[in-house]
Amino acid sequence: MIQETASFILNHLGNYRPQTLIILGSGLGSLGEKIQNPIYIDYKDIPSWPRSTVSGHKGCLIAGLLEGKEVLCMQGRFHLYEGHSAESIKMVMSVFKILGIKNLIVTNAAGSLKKEMAPGSIMLINDHINFSGRNPLVGANDDNFGPRFPVMSDAYTQEYQDKMSQIAAEEKINLHKGTYLMVLGPNFETAAEIKAFQILGADAVGMSTVPEVLAAVWCGMKILGLSVITNYGSGMVKEFHGHTETLQQADKAAQNLTTLIRRFVREI
Ligand code: HPA
């Protein structure tokens, strides 16, 4: 099944053989429009591909050039809160592995757990806490892809963190660094949960990314993770706006994010 799905995508990639996959988070889709000579592959046409359930969410793969480098972009991701199984995320990442993807650039929208990291900021993810209660690697293990017990001590590749820190300094973009905690969602957290997550050592909270990263580490990809901070965690400020604020703030930070990712893609 994985092989068939990979073959379908390969047949639609033309001459492109991208080694870098970019996953675009909520409200961050505009980077997809910067890709030159694009080829679009609709999720709904890809055999055995998970179906996007959120109405109005575009779902497609975009292959093309960014800064002259071949990239593959997921516009629209699969959230567990939509009802997607963690296993389907492992399947998707396995397909990308077969296609030759070696680097994963993963982005998301997240809530801040730190007063000094305001909405509109960007956070380089240096580690994560899997608080979702799910794991895409549960089940039979195919040793051809990765080990039964993968090691997560360098999940967010140090070399790529260093590279991104250097780029942000040169571009004079303030880049926070911290730990991303994943909740299953779909509800935003209670104030008590936010307090608990701060005590646990998390810096940002969101509803994605961890499953993709677990599967990507498992099958040997190098990873760069970036969060766009769209709001303070519930209880940290008087008014909590939820999803509307998320999309507005994502828009504001998207320009900086685009600058960072373009340069990163050019230099790796
Ligand atoms: N909590 C969880 N997920 C999120 C948040 C949040 O505050 N903001 C954006 N995604």
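Quick caveat, the model's predicted, so the values are computed rather than measured.

**What to know about the packing of helix 1 (residues 2-12) against helix 2 (residues 86-98)**
(1) Moving on: Between helix 1 and helix 2, the shortest axis-to-axis distance is 9 Å and the interhelical angle comes to 55°. What the angle tells us is that helix 1 and helix 2 run oblique. By crossing handedness, the relation of helix 1 to helix 2 is classed as right-handed. Listed contacts from helix 2 to I2, Q3, T5, A6 and I9 of helix 1 are M91, S94, V95 and I98.
(2) Moving on: Tallied by class, residues from the contact of helix 1 with helix 2 come to six nonpolar, three polar and no charged.

**Quick notes on the site of the ligand**
(1) Moving on: Residues in contact with the ligand, as listed here, are A109, A110, G111, F188, E189, V205, G206, M207, T230 and N231.
(2) Moving on: Measuring from a nitrogen atom of the ligand, one finds a backbone N or O atom of A109 at 3.4 Å.
(3) Moving on: At 2.8 Å, a side-chain N or O of E189 approaches a nitrogen atom of the ligand.
(4) Moving on: Notes on the ligand: free accessible area 260 Å², of which the protein chains cover 95%.
(5) Moving on: Secondary-structure elements contributing two or more residues to the shell around the ligand are strand 5 (103-112), strand 8 (204-206) and strand 9 (222-232).
(6) Moving on: For the shell around the ligand, the leading source of residues is strand 5, giving three residues.
(7) Moving on: Across the shell around the ligand, the residue classes tally to five nonpolar, four polar and one charged.

**Digging into helix 2**
(1) Moving on: Across its 13 residues, helix 2 extends 19 Å between first and last C-alpha, which sits within 8% of the 18 Å expected from 1.5 Å per residue.
(2) Moving on: Within helix 2, 10 of the 13 residues are buried, leaving the element largely enclosed by the surrounding structure.
(3) Moving on: Along helix 2, the positions that sit buried rather than exposed are A86, S88, I89, K90, M91, V92, M93, S94, V95 and F96.
(4) Moving on: For helix 2, the elements touching its buried residues are helix 1, strand 1 (20-24), strand 3 (60-66), strand 4 (69-75), strand 5 and helix 5 (210-218).
(5) Moving on: Downstream of helix 2 by a residue or two, G100 has a phi angle that is positive, lying close to 100°.

**Quick look at the pairing of strand 3**
(1) Moving on: Most of strand 3 sits inside the fold, with six of its seven residues counted as buried.
(2) Moving on: Across five bridges, strand 2 (residues 36-42) lies against strand 3 in antiparallel orientation. Its bridge partner lying in strand 3, I41 is registered against L61.
(3) Moving on: Inspection of the sheet shows strand 3 paired to strand 4 by seven bridges, in the antiparallel sense. Across the sheet, residue L66 finds its bridge partner in strand 4, namely K69.
(4) Moving on: Adjacent in sequence and paired antiparallel, strand 3 and strand 4 are bridged by two residues, among which E67 carries a positive phi angle near 55°.

**Examining the side chain of N231**
(1) Moving on: Along the chain, the position of N231 falls in strand 9.
(2) Moving on: Only 2.7 Å separates the side chain of N231 from the side chain of T230, close enough to count as a polar contact.

**Focus on the layout of surface pockets**
Once rolled over the atoms, a probe with the size of a water molecule shows which space is left empty.
(1) Moving on: Quantified by volume, the second largest pocket comes out at close to 210 Å³.
(2) Moving on: Considering the residues around the second largest pocket, the lining is formed by 13 residues, among which I2, E87, K90, M91 and S94 are closest to the centre.
(3) Moving on: No other element matches helix 2, which puts five residues into the lining of the second largest pocket.
(4) Moving on: Looking at the lining of the second largest pocket, its residues break down into seven nonpolar, three polar and three charged.

**Here we look at the nonpolar core**
(1) Moving on: I9, W49, L61 and F96 are the most contacted members of the largest nonpolar core, which has 50 residues in total.
(2) Moving on: Residue contacts for L61: discarding those within four places in its chain leaves I9, I39, Y40, I41, Y43, I46, W49, L72, C73, M74 and F96.
(3) Moving on: Core analysis: the second largest hydrophobic core is formed by 30 residues, L28, I62, L124 and A254 among them.

**As for unusual backbone geometry**
(1) Moving on: Cis peptide bonds are those with omega within 30 degrees of zero, and the linkage from G185 to P186 qualifies with 5°.
(2) Moving on: Counting through the fold element by element, P186 comes out in the loop between strand 7 (175-182) and helix 4 (191-200).
(3) Moving on: At N37, a residue that is not glycine, the phi angle is positive and equals roughly 45°.
(4) Moving on: Assignment of secondary structure puts N37 in strand 2.
(5) Moving on: Of note, K172 is a non-glycine position whose phi angle comes to about 55°, a positive value.
(6) Moving on: Within the element layout of this structure, K172 appears in the loop between helix 3 (158-171) and strand 7.
(7) Moving on: Owing to a relative accessible area of 74%, K172 belongs among the exposed residues under this scheme.

Cut-offs and rules
- Counting restarts for each chain, with residues numbered from 1 along the sequence as it is written.
- In keeping with the model being predicted, local features are shown solely for residues with a pLDDT of at least 70 and side-chain atom pairs are shown and tallied solely at 80 or more, while totals for entire chains, interfaces and linings include all residues.
- Just so you know, side-chain values use all the structure's heavy atoms and leave hydrogens and water out.
- Lines are fitted to the C-alpha atoms to define the axes, a helix being fitted only along its stretch in contact, and any angle between axes, read from their N-to-C directions, falls within 0 to 180 degrees.
- Where helices and strands are cited, they refer to DSSP runs of H or I of at least four residues and of E of at least two residues respectively, numbered from the N terminus.
- What sets the label is the angle itself: under 35 degrees gives roughly parallel, over 145 gives roughly antiparallel, 65 to 115 gives roughly perpendicular, and the rest give oblique.
- Throughout, a crossing is termed right-handed when the near helix is turned clockwise from the far one, and left-handed when it is turned anticlockwise from it by less than a right angle.
- When checking whether two residues touch, look at their non-hydrogen atoms; a contact exists if any pair is within 4.5 Å.
- Residue polarity is assigned by list, with Asp, Glu, Lys and Arg as charged and Ala, Val, Leu, Ile, Met, Phe, Trp, Tyr, Cys and Pro as nonpolar; anything else, Gly included, falls into the polar class.
- Here a residue counts as near a molecule or strand whenever at least one of its heavy atoms sits within 4 Å of it.
- In protein, a polar contact means a hydrogen-donor-capable atom and an acceptor-capable atom, both N or O and within 3.5 Å, with residues adjacent in sequence counting only if both atoms are side-chain atoms; elsewhere, any N or O pair within 3.5 Å suffices.
- With residues, only the protein chains shown are counted as cover, and all accessible areas are computed by Shrake-Rupley using a 1.4 Å probe.
- One fewer than the residue count of a helix, multiplied by 1.5 Å, yields its expected span.
- Relative accessible area decides the class of each residue, using a 1.4 Å probe on protein chains only: under 20% of the type maximum gives buried, over 50% gives exposed, and in between gives partly exposed.
- A pair of strands is labelled paired if DSSP reports no fewer than 2 bridges between them.
- Here a cavity means grid points, on a 1 Å grid over the protein atoms only, where a 1.4 Å probe fits yet cannot get out; a pocket means an open set of points with protein on both sides within 12 Å along at least five of seven lines; lining residues are those with an atom within 4 Å of a point.
- Grid points are joined across faces, edges and corners, and a volume is the space filled by probe spheres set on the points.
- The definition of a nonpolar core used throughout is a set of buried Ala, Val, Leu, Ile, Met, Phe, Trp, Tyr and Cys residues joined through side-chain atoms within 4.5 Å.

Just geometry here; none of it tells us what the structure is for.
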